Amino acid sequence: MSHARSTSFRRRLLTACVAAAVALPLGFATAASASTGAASPAASAPVTAGPTPATASAAQPAASVTAATLISQGRPATASSVETSAFPASAAVDGSGTTRWASVEGVDPQWIQIDLGVGASVSRVLLNWEAAYASKYRVQISADGSSWTTLKDETAGDGGTDDITGLNGTGRYLRIHGTARGTSYGYSLYEVQVYGTAGTGTPGGGTIVDVSTAAQLTSALAVATPGQTIRLAPGTYQGSFVATTPGTASAPITLTGPRTAVITNDGPSGTLNGCPHPGDGWDSGYGLWLYGASYWNVSGLTVADAKKGIVLDTATHVTIDGVLVRDIDDEGVHFRKSSADGVIRNSQIMRTGLAQPGYGEGLYLGSANSNFTCYADSSGRDRSDRVQVLDNAFGPGIAAEHIDVKEGTEGGVVRGNTFDGTGLSGQNSADSWVDVKGNGYLFEDNTGTFSSPGVFANGYETHNPLTGWGCGNIWRGNDSDLGGVGRYAVFVSSTSKCSANPNKVYASNTVTGATSGLTNVAVTP
């Protein structure tokens, strides 16, 4: 809905007013910031003419605020989603108090990101919320759009105007990352005003390439250069989209678009000769294929209606941020062929395994040893190591495991995710949220639930298909609701096979609705 100023608006206005009336005082400042919460009532946001950039907050002397320069207006802006094309990210940096960015409704998390130029410094951020505000959000800065530093962590937002001063951050990108909505709607900002010292240029001489058709996207991927940003307009892009050019650590390549930019592929087609590789007239059917394309950032967009969603082959240091992967024949996202040191975060994967339920994993890390012939490196295994899986929503409708950690991989982190097991098929032993065959993974602060329909045995399981693998993993601070169906939150299939490197389940984990208990091994205090 477009929030017409009618009965719908009055209902939202009432919701915002009630939320503001019961909100706690503004949250704490991080070590990197000493912010002030000059928040006005949420109801005032829709009728204000917008904040006055040079006006100091009551808690900040005017001279210290006006010394900073507004550096965000008119800069490139992207977002995790838009409600409709009438509410683009660019509307939050256009200097108008009547236009606004709005995310899709009812979904957490969401973000809006502004490119301030290389080496920008930030001292103040002013947010002018519409009635759809964030009760919890972070102000973050990044040099590369991949690794983020939090300048402000707001835990009790009440809408209106947030004037956050005393910040001290340097980077190219400034992001407002909403983690909890203050209403049942989405997130919406009239303006994001960033003050400080403007950056200069772009890394590696990069440019922004705007695309709006499948042909343009194919061409942009083929000629991408380090430091470049490929920006998708809302719309559907159908075809076989392959990137083979790597970025660099200092100049990654970015592919970004709103949630309404949807990449699809109705393949596969043609004949594959040997192991999967681009070319030879073969269409893989993958939605997006990064083949040797290391140092890429993929953000915001949707991949849907494809054989596989996003596939990485020999693509290291790739960050997937804020994407939606849905309605996929097989697995949703696959880090394969030693695609190490990647990150997938703030994303949602749902409805996978539509054609082959037993092969419909949400996220697949590495390769089964039976496929090492195609995907192993010189070590003899697929070393898609150290992948970080952070703050994602898995399910419902994932037919196989939400995460399948394969033998030969190690050192990953799975933290802050939610698992909705509704729809697990039970085919090919797909009866748990997570199946762990790798080593040294940390599973921390995840939340899992299960309700019918579906087949459910345990929340997390370990297996040992190769000697010495499926060992040394840690579970800590996870909450598991097994719906009165599952046996254990964490089921360790063998202790003897990991006697030298045992799996550990800490007492900080909790379980409800289990037919047997927390775990079948001794709990570590």
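Everything here concerns the structure above.
Let me begin by describing the structure that accompanies this report.

**A look at empty space enclosed by the protein**
It is a probe the size of a water molecule, rolled over the atoms, that shows where empty space is left.
Here's step 1: Inspection of the entire model under this criterion finds four cavities of 30 Å³ or more.
Here's step 2: Space inside the largest cavity adds up to approximately 220 Å³.
Here's step 3: Forming the boundary of the largest cavity are 21 residues, of which Thr78, Gln113, Tyr173, Thr254 and Thr256 lie nearest the centre.
Here's step 4: Contributing elements (two or more residues each) for the lining of the largest cavity: β2 (77-79), β4 (110-129), β8 (169-181), β11 (229-232), β14 (253-256), β17 (296-299) and β20 (319-321).
Here's step 5: In terms of residue count, β4 provides more of the lining of the largest cavity than any other element does, four residues in total.
Here's step 6: Considering only residue class, the lining of the largest cavity consists of seven nonpolar, nine polar and five charged.
Here's step 7: When its volume is computed, the second largest cavity comes out at roughly 50 Å³.
Here's step 8: Lining of the second largest cavity is provided by Val107, Asp108, Pro109, Arg259, Val323, Asn346, Ser347, Gln348 and Ala393.
Here's step 9: Partitioned by chemical class, the residues of the lining of the second largest cavity number four nonpolar, three polar and two charged.

**Points about the sheet that holds strand β35 (residues 474-476)**
Here's step 1: One open sheet accounts for eleven strands, arranged β10-β11-β14-β17-β20-β23-β26-β29-β32-β35-β38; its pairing is parallel. Strand pairing shows two members of the sheet lacking a second neighbour, β10 (208-211) and β38 (504-505), which therefore form its edges.
Here's step 2: Contacts between helix α3 (residues 214-222) and the sheet are confined to β10, β11, β14 and β17, with β10 contributing the most and set at about 155 degrees to the helix.

**Concerning the environment of Ala489**
Here's step 1: Looking at where Ala489 falls in the secondary structure, it is placed in strand β37 (residues 488-492).
Here's step 2: The buried category is assigned to Ala489, whose relative accessible area is 2%.
Here's step 3: Residues Ala489 and Trp433, spaced 56 residues apart in sequence, show a C-alpha to C-alpha distance of 9.7 Å.
Here's step 4: Non-local contacts of Ala489, meaning those with residues more than four positions away in its chain, are made with Gly459, Tyr460, Ser480, Leu482, Val511, Gly517 and Leu518.

**Considerations on the packing of aromatic side chains**
Here's step 1: Counted by the stated rule, this structure contains 16 aromatic pairs.
Here's step 2: Judged by centre distance (5.6 Å) and plane angle (55 degrees), the ring pair of Trp129 and Tyr137 falls under tilted. With respect to class, Trp129 is no different from Tyr137; both count as buried.
Here's step 3: With centroids separated by 6.1 Å and ring planes inclined at 25 degrees, the aromatic side chains of Tyr488 and Phe491 adopt a geometry described as stacked.

**Re the nonpolar core**
Here's step 1: Formed by 61 residues in total, the largest nonpolar core has its most connected members in Leu217, Ile230, Leu232, Leu290, Trp296 and Ile403.
Here's step 2: When neighbours within four sequence positions are excluded, Ile230 is seen to be in contact with Val209, Val211, Leu217, Ala220, Leu221, Ala224, Thr254, Leu255, Thr256 and Trp296.
Here's step 3: In this structure, Trp101, Ala134, Leu174 and Leu189 belong to the second largest nonpolar core, which totals 30 residues.

**Focus: the pattern of salt bridges**
Here's step 1: Taken as a whole and judged by the stated rule, the model has 22 salt bridges.
Here's step 2: Asp163 is the salt-bridge partner of Arg124, the closest N and O atoms lying 2.8 Å from each other. In this pair, Arg124 is assigned in strand β4 and Asp163 in strand β7 (residues 161-164), connecting sequence segments 39 residues apart.
Here's step 3: Residue Glu410 is joined to Arg381 by a salt bridge in which the shortest nitrogen-to-oxygen separation is 3.3 Å. Linking Glu410 in the loop between β28 (403-405) and β29 (413-415) with Arg381 in the loop between α4 (372-375) and β26 (388-390), this pair joins segments that are 29 residues apart in sequence.
Here's step 4: On the basis of relative accessible area, Glu410 is assigned to the partly exposed category, the value being 29%.
Here's step 5: The exposure class of Arg381 is buried, given its relative accessible area of 15%.

**Regarding the state of the cysteines**
Here's step 1: Under the definition given, this model contains two disulfides.
Here's step 2: Each sulfur in the disulfide pair Cys275 and Cys374 lies 2.0 Å from the other. Sign of the S-S torsion, about -85 degrees for the bond between Cys275 and Cys374, identifies this disulfide as left-handed. Taken together, the residues Cys275 in the loop between β15 (261-264) and β16 (286-291) and Cys374 in helix α4 connect sequence positions 99 residues apart.
Here's step 3: For Cys471, the disulfide goes to Cys498, at an S-S distance of 2.0 Å. The S-S bond linking Cys471 to Cys498 shows a torsion near -75 degrees; that makes this disulfide left-handed.

Conventions used here
- Residue numbers run consecutively from 1 along every chain, following the written order of its sequence.
- Local features in this predicted model are restricted to residues whose pLDDT is 70 or higher, and side-chain atom pairs enter the listing and the counts only when it is 80 or higher, whereas totals over whole chains, interfaces and linings include all residues.
- Note that water and hydrogens are dropped before the side-chain values are worked out from all heavy atoms of the structure.
- We place a 1 Å grid over just the protein atoms. Points where a 1.4 Å probe fits but has no way out form a cavity, open points with protein on both sides within 12 Å along at least 5 of 7 lines form a pocket, and any residue with an atom within 4 Å of a point lines it.
- Grid points are joined across faces, edges and corners, and a volume is the space filled by probe spheres set on the points.
- Secondary structure is summarised from DSSP: a helix means a run of H or I of at least four residues, a strand means a run of E of at least two, and numbering begins at the N terminus for each.
- Only Asp, Glu, Lys and Arg are considered charged in this grouping, and only Ala, Val, Leu, Ile, Met, Phe, Trp, Tyr, Cys and Pro are considered nonpolar; every other residue, Gly among them, is considered polar.
- DSSP-based pairing: two strands are paired if at least 2 bridges between them are found.
- Residue contacts follow a heavy-atom distance rule, with two residues in contact if any of their heavy atoms lie within 4.5 Å.
- Orientation is described by axes fitted as lines to C-alpha atoms, over the contacting stretch for helices, and by angles from 0 to 180 degrees between their N-to-C directions.
- Burial status follows relative accessibility: with a 1.4 Å probe on protein chains alone, a residue under 20% of its type maximum counts as buried, one over 50% as exposed, and anything between as partly exposed.
- Two aromatic rings, drawn from Phe, Tyr or Trp (for Trp, its six-membered ring), form a pair once their centres lie within 6.5 Å of each other, and the interplanar angle then sorts them: stacked below 30 degrees, edge-to-face above 60, tilted otherwise.
- In plain words, nonpolar cores are sets of buried Ala, Val, Leu, Ile, Met, Phe, Trp, Tyr and Cys residues tied together by side-chain atoms within 4.5 Å.
- Counted as salt bridges are all cases of a side-chain nitrogen of Lys or Arg within 4 Å of a carboxyl oxygen of Asp or Glu.
- Two cysteine sulfur atoms form a disulfide, by the criterion used here, when they sit within 2.5 Å.

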